[in-house]
Amino acid sequence: MFGLNAAKKAAAVAAATAAAATTALLAAPTAVAAPQPIVGGTTTTTSAYPFVMQITDASQNQFCGGTLVSPTKVVTAAHCMVGETTSSVRVVGGRTYLNGTNGTVSRVSKIWTHPSYTDATNGDDMAVLTLSTSMPYTPATYVSSSQTSVYAAGTTARILGWGTTSAGGSSSNQLRTATVPTVSDSSCASSYGSDYVQSDMVCAGKTSGGVDTCQGDSGGPLLIGGVLAGITSWGEGCAQAGYPGVYTRLTTFSNLVTTQVNS
Ligand code: ARG
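Residues numbered from 1 in each chain as written. Predicted model: local features only at pLDDT ≥ 70, side-chain atom pairs only at ≥ 80, totals over all residues.

A.B. asks: Tell me about the sheet that holds strand S3 (residues 62–70), and name the residues and values.
C.D. replies: Through backbone hydrogen bonds, the strands of a sheet pair up, either in parallel or in antiparallel fashion. The strand order S2-S3-S4-S7-S6-S5 describes a closed barrel built from six strands, whose pairing is antiparallel. Neighbour to neighbour, the strand axes of the sheet diverge by 40° on average, direction disregarded. As defined by bridge partners, strand S2 (residues 52–57) adjoins strand S5 (residues 89–93) across four bridges and the pair is classed as antiparallel. From the neighbouring strand, threonine 56 faces S5, where its bridge partner is arginine 90. (Pairing = 2+ DSSP bridges. Helix = DSSP H or I, 4+ residues; strand = E, 2+ residues; numbered from the N terminus. Axes fitted to C-alpha atoms, helices over the stretch in contact; angles between N-to-C directions.)

Right, dumping it as structure tokens:
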């Protein structure tokens, strides 16, 4: 998923990327810190964050994250649902470890994907799943459409997931979390150009890189003040300096979430 975005990005700015890639390759051996899952995070549990869900295939192999927002509704990324059907997906709650067998497994009775979604870099990267079985966990509260000031640059945001420890690395068996500062729209636009759709996205990451979501974290929560404010969506590589993670700006889609929650 991010590999495809990275390829698209590379194609779009081929000349610039060629020069940048040379620099990156030369710099890589010294610049890369010891990888830690979610890049740069610490371990945590679904007891600490009970609304964090694994989105899995029918064999309970996790491929994305999600956030429980009511007993039967889970917010995730639209790009996680590409090619999926109600019979191919499961939602697993209360399971800290990927190789665990505990928690609650639910089938999905409906996948609602934002009708305008085409690609994560075009925005609208959100979906709401309806569960066949209620989750016995406390749901997250989510931002309302008017709370746009939560994204003020430099605000601490929390990311969570089982994603890879580095770009191209392996997933973490245990749920991980980290905090990253939100990034201004102007700064994110200078990183990503027209792929950054300000109305639909928000960036978060340290200027120096080193802490980020990565592959497999998609669909999972970005929390601000403990409230769901974003959905892990895309980025150029993972944890690279100058390339923060890009998250769905949930205030833009909050009313659509509520419509689904009440449907
Ligand atoms: N698209 C990825 C996924 O499907 C998430 C990428 C997040 N990348 C980043 N640099 N923050 O899991």
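Anyway, onward from the coordinates.
A.B. asks: Any chance you could break down the environment of serine 191 for me, citing the residues and the numbers?
C.D. replies: Inspection of the secondary structure assignment puts serine 191 in helix H4 (residues 185–192). On the neighbour-count criterion, serine 191 (18 C-beta atoms within 10 Å) is partly exposed. The spacing of serine 191 and proline 244 is 53 residues in sequence and 8.1 Å in space, taken between C-alpha atoms. Among all residues touching serine 191, those that are not within four sequence positions of it are Gly242, Tyr243 and Pro244. (Buried ≥ 20, exposed ≤ 12 C-beta atoms within 10 Å, placed from the backbone. Contact = placed C-beta atoms within 7 Å.)

A.B. asks: Can you explain the confidence of the model for the protein? Please cite residues and give values.
C.D. replies: Summarising the model, the protein shows a mean pLDDT of 88, and 86% of its residues fall at 70 or more. Long-range and interchain partners of residues 1–37, a stretch whose pLDDT sits below 50, account for 24 contacts in this model, where long-range means more than four residues apart. (pLDDT = per-residue confidence, 0-100.)

A.B. asks: Could you give me a rundown of unusual backbone geometry, with the residues and numbers involved?
C.D. replies: A positive phi angle is found at glutamine 60, which is not glycine, with a value near 65°. Looking at the element boundaries, glutamine 60 is found in the loop between S2 and S3. Judged by local crowding, glutamine 60 falls into the partly exposed class, with 16 C-beta atoms found within 10 Å. A positive phi angle is found at aspartate 124, which is not glycine, with a value near 55°. Locating aspartate 124 in the fold gives a position in the loop between strand S6 (104–113) and strand S7 (127–131). Of the residues examined, aspartate 124 has 23 C-beta atoms within 10 Å and is grouped as buried.

A.B. asks: Quick one: what's the story with the environment of glycine 100, residue by residue and with numbers?
C.D. replies: Within the secondary structure, glycine 100 sits in the loop between S5 and S6. Distance in space between the C-alpha atoms of glycine 100 and asparagine 173 is 8.9 Å, their sequence separation being 73 residues.

A.B. asks: With reference to specific residues and values, describe the pairing of S2.
C.D. replies: Relative to S3, S2 is paired through five bridges, and the arrangement is antiparallel. Paired with valine 52 across the two strands is threonine 67, which belongs to S3. In sequence, S2 turns back onto S3 through a hairpin of four residues, with glutamine 60 there showing a positive phi of about 65°.

A.B. asks: Tell me what's going on with helix H5 (residues 250–261), and back it up with residues and numbers.
C.D. replies: Between its terminal C-alpha atoms H5 stretches only 14 Å, short of the 16 Å expected from 12 residues at 1.5 Å a residue. Within H5, burial applies to Leu250, Thr251, Thr252, Phe253, Val257 and Gln260. Next to the buried residues of H5 lie S3, strand S4 (73–76), S6, S7, strand S12 (227–234) and strand S13 (245–249). (Expected span 1.5 Å × (residues − 1).)

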